[in-house]
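Below, each chain spelled out in residue letters.
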Amino acid sequence: MFEQFRQSLRDLMDRSTPPEDRRAGLAQMKQTLVQARMGLDDLRSGIAQTRQRLAAEQRELETVRRRKGLAAGINDTETVALAEKYEVLHGERTGMLERKLSAQE
């Protein structure tokens, strides 16, 4: 991306273009860089949010598994069934967030 930007800048400076056209081209390039920087900042904050959500889902998954084990230890089938339902739900969310984080990175 930046190599193309550098080449465009070189092309603009090497040609015999009028100063007004150079200014317009440089202004457009500056705007492009500002947008790229803002996009990177948004992506970084998105990655941080995804990491936080993933950590929360992983904690919830661990909690559900622990509760499931405790309920199984006292033969509480109703609680075990409910915990299995939520274990699947949190497992799916965890997997989705892991894929999202991978794509963002």
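Keep in mind that what you see is a predicted model, and the values were worked out from it rather than measured.

Helix and strand counts for the chain come out as three helices and zero strands. Order of helices (α) and strands (β) in the chain, N terminus to C terminus: α-α-α. By residue count, 21% of the 105 residues in the chain fall in the buried class. Of the contacts formed within the chain by residues at least 6 apart in sequence, a portion of 59% connects residues at least 24 apart. With the model as given, the accessible surface of the chain reaches about 8200 Å², and the carbon-plus-sulfur share is 52%.

Averaged over every residue, the pLDDT of the chain is 83; residues scoring 70 or more account for 82%. Element-level mean pLDDT values for the chain span from 66 in helix H1 (residues 2-14) up to 91 in helix H3 (residues 77-104).

Here Asn75, not a glycine, exhibits a phi torsion of approximately 60 degrees, which is positive. Mapped onto the secondary structure, Asn75 falls in the loop between helix H2 (19-73) and H3. The class of Asn75 is exposed, set by a relative accessible area of 68%.

Going through the model one piece at a time under the given rule, you end up with five salt bridges. Across the pair Asp41 and Arg44 runs a salt bridge whose closest N-O atoms are separated by 3.5 Å. Taken as a pair, Asp41 and Arg44 lie in helix H2 at a separation of three residues, close to a single helical turn. What emerges from the salt-bridge pattern is a single network uniting Arg65, Lys68 and Glu87.

Take the side chain of Thr50 next. Here Thr50 is to be found in helix H2. Looking at Thr50, its side chain comes within polar contact range of the side chain of Gln104, at 2.9 Å. If sequence neighbours within four positions are ignored, Thr50 has contacts with Leu97, Lys100, Leu101 and Gln104.

The rules behind these values
- Residues numbered from 1 in each chain as written.
- Predicted model: local features only at pLDDT ≥ 70, side-chain atom pairs only at ≥ 80, totals over all residues.
- Heavy atoms only, no water.
- Helix = DSSP H or I, 4+ residues; strand = E, 2+ residues; numbered from the N terminus.
- Buried < 20%, exposed > 50% of the residue type's maximum accessible area, 1.4 Å probe, protein only.
- Contact = heavy atoms within 4.5 Å.
- Areas by Shrake-Rupley, 256 points an atom, 1.4 Å probe, with all protein chains shown as cover.
- pLDDT = per-residue confidence, 0-100.
- Salt bridge = Lys/Arg side-chain N within 4 Å of Asp/Glu carboxyl O.
- Polar contact = N/O pair within 3.5 Å; in protein donor to acceptor, adjacent residues only side chain to side chain.

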